[in-house]
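Next come the chains, spelled out residue by residue.
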Amino acid sequence: MLGSETDTLIGEPWQTAFDDEESKRLAAAFERTRAEGRWEGRVRATSGTRLELTVSVTDTGKLVWSATEAEDDQFQGAPRETEFTTDPSLATGLLDEMNAVVFTLDHEGRLDRWNGALSDRTGYDHADLDGMPFETLVPTDHHARLARLQTEDQEVELDLCTVDGERLTQEVQETNVRLDTGETVRCLVCYDITDRIEDIKWYETILEMVVDGVYTLDENLEFTYVNEEMCNIFERPASELLGTDPRTLFVDESQMAMAADIRERVIEGDLTTATVEALTETASGERIELESNYRLRHEPEDGEFPGSVGIIRDVTERNRRERTLERQRNELETLDRITQLLLETTRESLKTASRDTVEQTVCEQLLASDLYQFAWIGGREFDGDHIVPRVRAGDDRGYLDAVTGTDDFEQWPENRALRSQSVTVTTPGDEPGEAWPEVAGDRGFEAIMAVPLRDGDAVYGVLVVYATHEGAFGDRAQAGFEVLGRAVGSVIYAANNRELLFADTVVELGFRIPGSDSLLARIATEFDCSITLDGYVSAGDQWILYLSTDEPVLDSIVDELDEEPRVERARVIRLDDDSGRLELVMSSSPLLDTVTSVGATVRDASGDTTDVRLTIEAPTDTNIRDIVAHVQTEYDGAELVSTREYDRDVTTVGRPGGVLDELTDRQRESVQAAYRAGYFDWPRESTAEAVAESLNIASPTLHGHLRKAQRTIISTLIDE
C-alpha cells in the first residue's frame, strides 16, 4: 500500500510515507490519539494509495497503526491521479458517495460547492445551501470556534445545525485548495463523530456516578476535566476548577515539594503510578485531607510532563480514624508500660531501701519505650522555689540547661503539678509568651507531663516526662501515670521509713512553739502541769498517742479531751499519787501525718505553761524545707531553734533482718500498742480488750497478732 519494501521502511520516520501536508495532519491526529486513545480517518500515501487508517495507543504510550485500502479509492499511482483530476464528473460522484461532508467557501465565507452528504444530513435543499453563510449552519455558541479552523492546523470539534434545529457534532478540518483558475478557496471536511461523542458522554456519565473525584491534567498542570464529585470535594463549580493549577489548592508547602518530587520520579520512569496526599482548603474554609492516585496520559517526551489522569478521594475521616487508632495503640502501650513500672517499683522497694534507686528505675523504664524522649524526677531546692532534678534518663537536648535561671519557673508544668497535687499535661503551643515553651518546641518536645509523687497528702517530688508527639498523654495515659505517681510515692514513703529505721546518721530538728494552741499546750496551761509525748502508734487511719504528766489530774484531762473534735477516745492507763499516763485515740494529726509521710519521726514532744518543745528526727536526704514549712504553717510562731546531723546507735533488733523486721505491719502495730499501754507490765496496766478497742479490732484478733508476733520474736532470739 505504501509502495515500498519492508526492509526499506523499517527504522525510517513514519513521515517518509506521506507528503508534508498529510504528515502535518497525521501529527495532529496522533496528539488526539494520545489524549483520547483512538483515531480513525483517511489519508493518502506518497505512493498515491488512499488508506482507511486506525491508530490506537498502548498502555506504554506506543502508537499502533491499522490500515486498509479505502473502498472508494480505485486509483493508484500518479497517472490515475492525473486522470482523476481531469474527470470532474468522477470526482463529483466520489464526493457524493463519501461518508464525510465536504464543501468549499468563497472569499465571503459562503457555501460555494458541497457534496450530497451536506444536504442529506442537514435537511437543507441545494437551493437553500447555495450562498448560505457558513455561520448559519453553526450554532451561536460555537461561533467562537470558527476562528480556530484557520489558525490551528488540527481538527476542530464543531456542531452543524439541521433545518429542524438538531445539532450534529462534527470533527472539522480546513485546508486551502488552489483551483485551475488560480483562485484559492477554503475546503472543509466534516466527519460525523456523534456516536463517538455519545460514547464519551456515556463514559462521563459513569464517571459522574463514581464516588471519588476524577480529573485530567494537561501538560501545563491544569485541570482539563473534573467530574461532579471533584466539584463537591472542593466546593467549587467545574468552570472555576477547569484551567486551574492544582498546586494552588495546596495548603502545606512541604506536601507541595513532596508532590513535585514524586512527579519527577514518575516522569523519569522510577514509578508507573503515584499517590500523593495533600492538605487543601475548600471554598467554605474547611481544611480537608485528600489522596490522589494518578498516572501519566502517555510516555513523557524529553522529560516533560505530558499530563495525567487521576482519582481523588477525601481521606480526612480515614486519616482521623487511623490517628485515633494510633493514639489508642500508644495509650495501650503506655498503660502496659506503666503496669510494668508498677511491678518494677514494687520489686525494687522489696529489694532496696534506696529512694534514688527506685526513682532511677522509673525514669529508665519509661525511656525503655520509644514513646518518650526524656524523663526526670526532682524536688524543690531547700533555700529557694526552683525545682531541681534528682535523677534523669534520656536526652533532654539541652532543655534543662536552657531554662535554668528563667523567671517564668512558676508556670512550668512541674511547678503547677506540685501546687495542684495533680497530673499536669501541656504542649508548647498552649503557653504563648512564656520562655520555656519556645525552648521546648525548639527541641522537638510536643507534649510534657508532670506527675506529683504522692502518698496521701505528702508529696515527695515530681516526675516530668517529655514526648515528641502531641497526643502522647491522653486521658488513659494520664490515669495510668496518676496511679504510677501514687505507687512511687508509697514506695518512697516506705523507703524513707526503712531508711530512718536503719540509718546510723540522721538529721535532728528542734522547734520551739511559744503560746501555742496545740493540744499539749492547752492541757499544760489549763491544768498547770507539764505533759510529755511518750510515744505513738499508727493504727490504720488513726493515731494512738501515749502521754504522761507530772500531776495527778488525768481524770480531769480525760473529761476535757472528750470535747476535742479529733479525739475519738481517751482513757487513763496509770494513775499515781504524783503522776499519771493516758492514751488518746485520734482521728487525725496533721503534724504526725506530715512528719511520718516523709520518713521522719517525732522523737520528743513536751509542753508546759510557757511553750511546747518539739524534736523531729529525719533521714539525711529528707526535704527538710517541707517539714519546717509544715510545722510553721500548723503552729503560728513556731521557730526552728536547732538543726544537727549526728550518728546514732541502732540496736541489732532494728537492723535489717532483725527481730522487728520479721513482723507484719499489723503485728508490729499490735505489739507497739500493747507495750505502750502497759499490757506486758505486771500487774497489767491495760487489758487486751482495751488495747483492741484502741486499735479498732476485735480482742481475738489482737490475741492472734500478739501470739504470732511473740512466737516470731522468741524463736528468732532462741535460734540465734
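Just so it is clear, the structure is predicted and the values come from calculations on it, not from any experiment.

Trainee: Can you walk me through the overall build of the protein chain in this structure?
Mentor: A count of helices and strands for the protein chain gives 25 helices and 26 strands. Of the contacts formed within the protein chain by residues at least 6 apart in sequence, a portion of 53% connects residues at least 24 apart. Carbon and sulfur atoms make up 47% of the accessible area of the protein chain, which amounts to about 37,400 Å² in all.

Trainee: What's the story with the pairing of strand β13 (residues 308–314) in this structure? I'm lost.
Mentor: Along any regular strand, the residues point their side chains to alternate faces of the sheet. Both strand β9 (residues 213–217) and β13 contribute to a ladder of five bridges, which runs antiparallel. Directly across from T216, in β13, lies its bridge partner V309. In the sheet, strand β12 (residues 287–296) pairs with β13 via seven bridges, with the strands oriented antiparallel. Looking across to β13, one finds that L290 is bridged to D314.

Trainee: Looking at this structure, how should I read a nonpolar patch on the surface?
Mentor: There is a patch of nonpolar side chains on the surface, built from W202, Y203 and I206 and spanning about 380 Å² of accessible area. Secondary-structure assignment places I206 in helix α9 (residues 194–209).

Trainee: Any chance you could explain the packing of helix α19 (residues 519–527) against helix α20 (residues 554–561) here in plain terms?
Mentor: Helices that pack against each other are described as a pair by the angle of their axes relative to one another and the distance between those axes. The contact between α19 and α20 brings their axes to 11 Å, and the two run at 130°. The angle between α19 and α20 falls in the class oblique. Here α19 runs over α20; the crossing is right-handed. Facing α19, whose interface residues are L519, I523, E526 and F527, α20 presents S556, I557, E560 and L561. The residue makeup of the contact of α19 with α20, split by class, is five nonpolar, one polar and two charged.

Trainee: Is there a simple way to explain the environment of E222 in this structure?
Mentor: Note on placement: E222 falls in the loop between β9 and β10 (223–226). Owing to a relative accessible area of 30%, E222 belongs among the partly exposed residues under this scheme. Taking C-alpha positions, E222 is 9.2 Å from R247, a pair spaced 25 residues apart along the chain. The contacts of E222, once residues within four sequence positions are left out, are T216, L217, G243, T244 and D245.

Trainee: What is the right way to look at unusual backbone geometry in this model?
Mentor: With glycine set apart, most residues show a phi of negative sign, and most peptide bonds adopt trans. One non-glycine residue, R397, lies in positive phi territory at about 55°. With a relative accessible area of 35%, R397 lands in the partly exposed category. You will see that Q421, though not glycine, has its phi angle at about 55°, which is positive.

Trainee: Which parts of the structure should I look at to understand the pattern of salt bridges?
Mentor: Pairs may arise between side chains of opposite charge once their charged atoms sit close together. Scanning the entire structure with this criterion turns up 35 salt bridges. Residue D212 is joined to R313 by a salt bridge in which the shortest nitrogen-to-oxygen separation is 2.8 Å. Residue D212 is found in the loop between α9 and β9, and its partner R313 is found in strand β13; the two are separated by 101 residues along the sequence. Here D212 falls in the buried class, since its relative accessible area comes to 15%. Put simply, E291 and R313 hold a salt bridge, and the shortest N to O gap is 3.6 Å. With E291 in strand β12 and R313 in strand β13, this pair connects stretches of sequence that are 22 residues apart. By relative accessible area, which is 11% here, E291 ends up buried.

Trainee: What is the right way to look at the confidence of the model for the protein chain in this model?
Mentor: Close reading of the predicted structure is inappropriate where its pLDDT is low. Looking at the protein chain, the pLDDT average stands at 80 and 87% of residues meet or exceed 70. A low-confidence stretch, residues 73–86 stays under pLDDT 50, and its non-local contacts, those more than four residues away or across chains, total 15 contacts. Predicted confidence for residues 652–657 stays below pLDDT 50, and this span has 13 contacts to residues more than four positions away or in other chains.

Trainee: Can you help me understand the side chain of E617 in this one?
Mentor: By secondary structure assignment, the location of E617 is in strand β25 (residues 611–619). Looking at E617, its side chain comes within polar contact range of the side chain of Y646, at 2.4 Å.

Trainee: What am I meant to see in helix α24 (residues 688–695) here?
Mentor: Every α-helix winds through 3.6 residues per turn, so residues three or four apart in the chain are directed the same way. Counting buried residues along α24, six of its eight residues qualify, which places the element largely inside the surrounding structure. Residues of α24 that are buried include every one of A688, A690, V691, A692, S694 and L695, and no others. Positioned one or two residues after α24, N696 has a phi angle of 60°, which is positive.

Trainee: How should I be thinking about the packing of aromatic side chains in this particular structure?
Mentor: With the rule as written, the count across this model stands at 16 aromatic pairs. Between the aromatic rings of W14 and F30, the centroid separation amounts to 5.0 Å while the plane-to-plane angle is 70°, which identifies the pairing as edge-to-face. In this pair, W14 sits in the loop between α1 (6–9) and α2 (20–36) while F30 sits in helix α2, placing the two residues 16 residues apart along the sequence. Judged by centre distance (5.7 Å) and plane angle (85°), the ring pair of Y215 and F223 falls under edge-to-face. With respect to burial, Y215 and F223 carry one shared label: buried. Linked through ring pairs, W14, F18, F30 and W65 together constitute an aromatic cluster.

Trainee: Is there a simple way to think about the pairing of strand β14 (residues 374–380) in this case?
Mentor: Within β14, six of the seven residues are buried, leaving the element largely enclosed by the surrounding structure. Here β14 runs beside strand β15 (residues 387–394); their pairing, made up of seven bridges, is antiparallel. Counterpart to I377 in the pairing with β15 is V391. Where β14 lies against strand β18 (residues 458–467), five bridges are found, and the strand directions are antiparallel. The partner of A375 across the bridge, within β18, is V465.

Trainee: Looking at this structure, I do not really get a negative patch on the surface. What am I missing?
Mentor: Where like charges cluster on the molecular surface, the negative patch consists of E31, E219, E222, E301, D302 and E304. Note that E301 resides in the loop between β12 and β13.

Cut-off values and rules
- Residues numbered from 1 in each chain as written.
- Predicted model: local features only at pLDDT ≥ 70, side-chain atom pairs only at ≥ 80, totals over all residues.
- Heavy atoms only, no water.
- Helix = DSSP H or I, 4+ residues; strand = E, 2+ residues; numbered from the N terminus.
- Contact = heavy atoms within 4.5 Å.
- Areas by Shrake-Rupley, 256 points an atom, 1.4 Å probe, with all protein chains shown as cover.
- Pairing = 2+ DSSP bridges.
- Patch = residues over 30% accessible without salt bridge, like charges linked within 9 Å, V, L, I, M, F, W, Y side chains within 5 Å.
- Salt bridge = Lys/Arg side-chain N within 4 Å of Asp/Glu carboxyl O.
- Axes fitted to C-alpha atoms, helices over the stretch in contact; angles between N-to-C directions.
- Parallel < 35°, antiparallel > 145°, perpendicular 65-115°, else oblique.
- Left-handed = near helix turned anticlockwise from the far one by under 90°.
- Nonpolar A, V, L, I, M, F, W, Y, C, P; charged D, E, K, R; others polar.
- Buried < 20%, exposed > 50% of the residue type's maximum accessible area, 1.4 Å probe, protein only.
- pLDDT = per-residue confidence, 0-100.
- Polar contact = N/O pair within 3.5 Å; in protein donor to acceptor, adjacent residues only side chain to side chain.
- Phe/Tyr/Trp six-rings, centres within 6.5 Å; stacked < 30°, edge-to-face > 60°.
- Lys, Arg positive; Asp, Glu negative; His and termini not counted.
- Charge placed at Lys NZ, Arg CZ, Asp CG, Glu CD.

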